[in-house]
Amino acid sequence: MKPLRIAVLGAGMIGRRHIQTILALPEVAELVAVADPAADRAQLGGAALFDDTRTMLEAVKPEAVIIATPNGLHVQQGLLCCDRGIHFLVEKPVTATLEEAAQLVSAVGQSRVKTLVGHHRRYLAAVEQARRIIAAGELGALVAASVIWATRKPDDYFQTDWRTQPGGGPLLINAIHEIDMLRHLCGEVRMVSGLQSHAMRGFAVEDSAAALFQFDNGCLGTLSLSDAGLSPWTIEQGSAESPNFPQSGQNAYRLVGTKGSLELPILRRWGPRIPGEIGWNKPLTGTDIAPPYHDPYQAQLRHFQRLVRLDEAPMVSVIDGANTLAATLAVSQSSSQGSVCAPVRFTQA
Ligand SMILES: NC(=O)c1ccc[n+]([C@@H]2O[C@H](COP(=O)([O-])OP(=O)(O)OC[C@H]3O[C@@H](n4cnc5c(N)ncnc54)[C@H](O)[C@@H]3O)[C@@H](O)[C@H]2O)c1
């Protein structure tokens, strides 16, 4: 299969990870250019560097781009790609607001471009295996899901002003991945109730939040979130997806079904010790499945190539990303209104 001629927009923290991924997989993609007004040329593997995205698109005519710029630029850069017929992978959140998400969903629907949203954890082997176990009915019907994401960001992280303002906090930066994962494992979110707190740092942005979710299938979920508390319980620390987050070997997700349960991302499965003997006075046994590790960013890029070349269905479409954004923003909305919210639901027009 021919490698994708790909350009990266934004060579910051996550853009550089995408660049490293492309450079590591020459059979999947060729890095033809980078657009970033402030990038360091040294880390671009010799690719042409442009200050301006439009100039780069004119000069290089990539067939695909990865949009790894600040959230507020996703919509305009996605629309530019739709106009020019360029396939794109956009980082999460798909856009900064629901209005922008609606604009992008509509433009993608009217174009022929293929799109993907960067919820990379869906490609973890543990997650793929959990989906198979759930789909095969091995846990029975899902009744509950409990997730914790708690880690302490260092003080210098907050020297960048936008990280202290609404939109720059753990809900849209971190929990959006957990909420995407809950949708991926448990189904569509029907109702959300949330509370937020900024009591630890006192910035305008939240440092902690708690949320309740009701899914279409009746399952109920909880999420505890904090970037001000020290704990081994984040999916990053459990899955060792990045050397930036030392491995804790701890599970951060618990999924409970009528016939058994599952912890993630190490994948410990709980069920009756004696097959068929189900009940609160019957013994349980826990088995570690220990899924193989594969780099989720590499798996995501390989999928993007198949999406463009072989028309594979997207793992996370723009509509899917918009629904994850809607469920995430519903946590803040519920917190500020003091009421339970039904997230907007995007569908194909
Ligand atoms: N998938 C993940 O786990 C993950 C992790 C981190 C960030 N993200 C997302 O990736 C995006 C970028 O986050 P980051 O942490 O890398 O930010 P960052 O600030 O480190 O990098 C953003 C880069 O975009 C560049 N930029 C600004 N305006 C530009 C423009 N008009 N054209 C081209 N480049 C421009 C900046 O110079 C900077 O280098 C955000 O949407 C963020 O939510 C995703």
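Everything that follows concerns the structure shown earlier in this document.
This write-up is about the structure you can find in this document. (Residues numbered from 1 in each chain as written. Predicted model: local features only at pLDDT ≥ 70, side-chain atom pairs only at ≥ 80, totals over all residues. Heavy atoms only, no water.)

Before going further, it helps to spend a moment on the pattern of salt bridges. This model, assessed by the stated rule, comprises 21 salt bridges. The closest approach of N and O atoms between E236 and R121, which form a salt bridge, is 3.3 Å. Of the two residues, E236 is situated in helix α7 (residues 235-239) and R121 in the loop between β6 (115-117) and α5 (125-135); the sequence distance between them amounts to 115 residues. With respect to class, E236 is no different from R121; both count as buried. Several salt bridges converge on common partners, so that one network encompasses R122, D180, R183, E188 and D320. (Salt bridge = Lys/Arg side-chain N within 4 Å of Asp/Glu carboxyl O. Helix = DSSP H or I, 4+ residues; strand = E, 2+ residues; numbered from the N terminus. Buried < 20%, exposed > 50% of the residue type's maximum accessible area, 1.4 Å probe, protein only.)

What follows is about the side chain of R122. If you trace the backbone, R122 turns up in the loop between β6 and α5. By relative accessible area, which is 4% here, R122 ends up buried. Within the structure, R122 has its side chain in polar contact with the backbone oxygen of M315 (distance 2.9 Å). Not counting residues within four places of it along the chain, the set of residues in contact with R122 comprises V127, E128, D180, M181, R183, H184, M315, V316 and D320. (Polar contact = N/O pair within 3.5 Å; in protein donor to acceptor, adjacent residues only side chain to side chain. Contact = heavy atoms within 4.5 Å.)

Neighbouring the ligand are 24 residues, the closest being I14, D36, N71, E91 and K92. Within the side chain of E91, an N or O atom sits 2.9 Å from a nitrogen atom of the ligand. The side chain of H177 places a nitrogen or oxygen atom 3.1 Å from an oxygen atom of the ligand. If the ligand stood free it would expose 850 Å²; the protein chains cover 79% of that surface. Classifying every residue of the shell around the ligand by side-chain character gives eleven nonpolar, ten polar and three charged. (Near = heavy atom within 4 Å. Areas by Shrake-Rupley, 256 points an atom, 1.4 Å probe, with all protein chains shown as cover. Nonpolar A, V, L, I, M, F, W, Y, C, P; charged D, E, K, R; others polar.)

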